Amino acid sequence: MKTQKMYVRNAEFQRFETLKRNREKRTRQGLAFMEGVQMVEQAISHGWRFYAMAVADGKRLSGWAEDMIGKAKPENLYQMAPELHAELSDRENPCEIIGLVYARTDGLERMAKAAQISAAPPMFTLFDRPAAPGNLGTFLRSADAFGATGAIVTGHAADYYDPQCIRASVGTVFALPFGELPSAEAAVEWLRNQPIRPLIVGTSARGTKNLSEIDLTGPVALVIGNETFGLSHAWKEQCDILARIPICGAASSLNAGSAATVCFYEVSRQRMEKGLPPR
C-alpha cells in the first residue's frame, strides 16, 4: 500500500472527482467512486479490490476506519487536505473513507455459479431499461433482501456504478451479482442456457394473472419494466406469463422500485410457506 499526501487538485484528485460524475470515464478506467460506512463494509466483506482510499489528513482515524483500511489493503492511501476530502463528499458530515474500487465484469458468471450451488431455486431479477440510478439501487436492495440470485439490466440502462445507485442500494450492489445484456432476446437466451430453465414472469398492468396466482416456488426470472414505459414489446413477447399486481387508488401503476419489491416479496413469501431456504 502506497501512502501519500494530497494537498492540491492534482491528477489523482481529478480522478476521484471525474469518476464520481462521469460514466464514460468509469467504464474506460474500470473504477467506481464510493463513500459511506455500509458501502465500504459491503465492498470489503464481498472481496472487492480497492484502487484507492482517501482520508482527511490531520484527523485521527476511528478504530472502524483503521480496521477497514487494514482489511481492504488499497493500492493507494491518500491523506487529503480536509477541504479536498470534504469537496468530494456529498454528505454534510463526510464519511471517513472515500474509495475507488475496481469494477467487475464477471457478474453473469458469478450469477450462474450461485444458481448452481444454491439450496434454493434460483430467482433471477431483471430490469428493462431502468433510467434512474436511484431506482436501480432500490431494485438491487430489494432483490438482495428477498433472496435473489442476481440482477440483470437490459437495453440502454442506468449505471450500476453511479454513486446514486450505490447509495440507494445501501451497498448491496457489492453483495449481489449483477450484469447487463443488450436486449430482451439476449437475456432470454442467457436464461434458457441455464441448467434449469426458469419461468420468465413479466409485470404489466394488463397481465393475465395476479402475481399471487402464479407458482413462483421453482426457478424464476422476474422482469420489471422501465419506470415510464413499462416492459418493452420485445420483453412482452419473450415472457412466459405476464403478471399484474392488483392495486386500487388513483394511480394506474406502482413505481418500478415499489413494484419490484412487491414481486420479490411474493416469491419469498411463497417459498417460505413451502419451507424452502431463502437462498
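These numbers were taken from a predicted model, which means no experiment stands behind them. (Residues numbered from 1 in each chain as written. Predicted model: local features only at pLDDT ≥ 70, side-chain atom pairs only at ≥ 80, totals over all residues. Heavy atoms only, no water.)

**Digging into the sheet that holds strand E6 (residues 123-128)**
Each strand in a sheet pairs with another by means of backbone hydrogen bonds, the pair being arranged parallel or else antiparallel. Read across the open sheet, the 7 strands follow the order E8-E7-E6-E11-E9-E12-E10; overall the sheet is parallel. Of all strands in the sheet, those with a lone pairing partner are strand E8 (178-181) and strand E10 (209-210), marking the two edges. The pairing of strand E7 (residues 150-154) with E8 spans 4 bridges and is parallel. Each residue of the ladder has a partner; that of Val-153, found in E8, is Glu-180. Together, E6, E7, E8, strand E9 (199-203) and strand E11 (220-224) form the strand contacts of helix H9 (residues 184-192), whose direction differs from that of E6 by roughly 175°. Strand contacts of helix H11 (residues 256-273): E6, E9 and E11, with the helix running at about 160° to E11, the strand carrying the most contacts. (Pairing = 2+ DSSP bridges. Helix = DSSP H or I, 4+ residues; strand = E, 2+ residues; numbered from the N terminus. Contact = heavy atoms within 4.5 Å. Axes fitted to C-alpha atoms, helices over the stretch in contact; angles between N-to-C directions.)

**With respect to a nonpolar patch on the surface**
A contiguous nonpolar surface patch, about 210 Å² in accessible area, is contributed by Ile-247, Leu-254 and Val-262. You can call Ile-247 partly exposed: its relative accessible area is 38%. (Patch = residues over 30% accessible without salt bridge, like charges linked within 9 Å, V, L, I, M, F, W, Y side chains within 5 Å. Areas by Shrake-Rupley, 256 points an atom, 1.4 Å probe, with all protein chains shown as cover. Salt bridge = Lys/Arg side-chain N within 4 Å of Asp/Glu carboxyl O. Buried < 20%, exposed > 50% of the residue type's maximum accessible area, 1.4 Å probe, protein only.)

**Things to note about helix H7 (residues 133-145)**
Because an α-helix packs 3.6 residues into every turn, residues spaced three or four apart end up facing the same way. Counted at 1.5 Å a residue, the expected span for H7 with its 13 residues is 18 Å, and the 18 Å between its end C-alpha atoms agrees. For H7, the complete set of buried residues consists of Pro-133, Asn-135, Leu-136, Gly-137, Phe-139, Leu-140, Ser-142, Ala-143 and Asp-144. For H7, the elements touching its buried residues are E6, E7, helix H8 (163-168), E11 and H11. Phi turns positive one or two residues past the end of H7, at Gly-147, with a value near 85°. (Expected span 1.5 Å × (residues − 1).)

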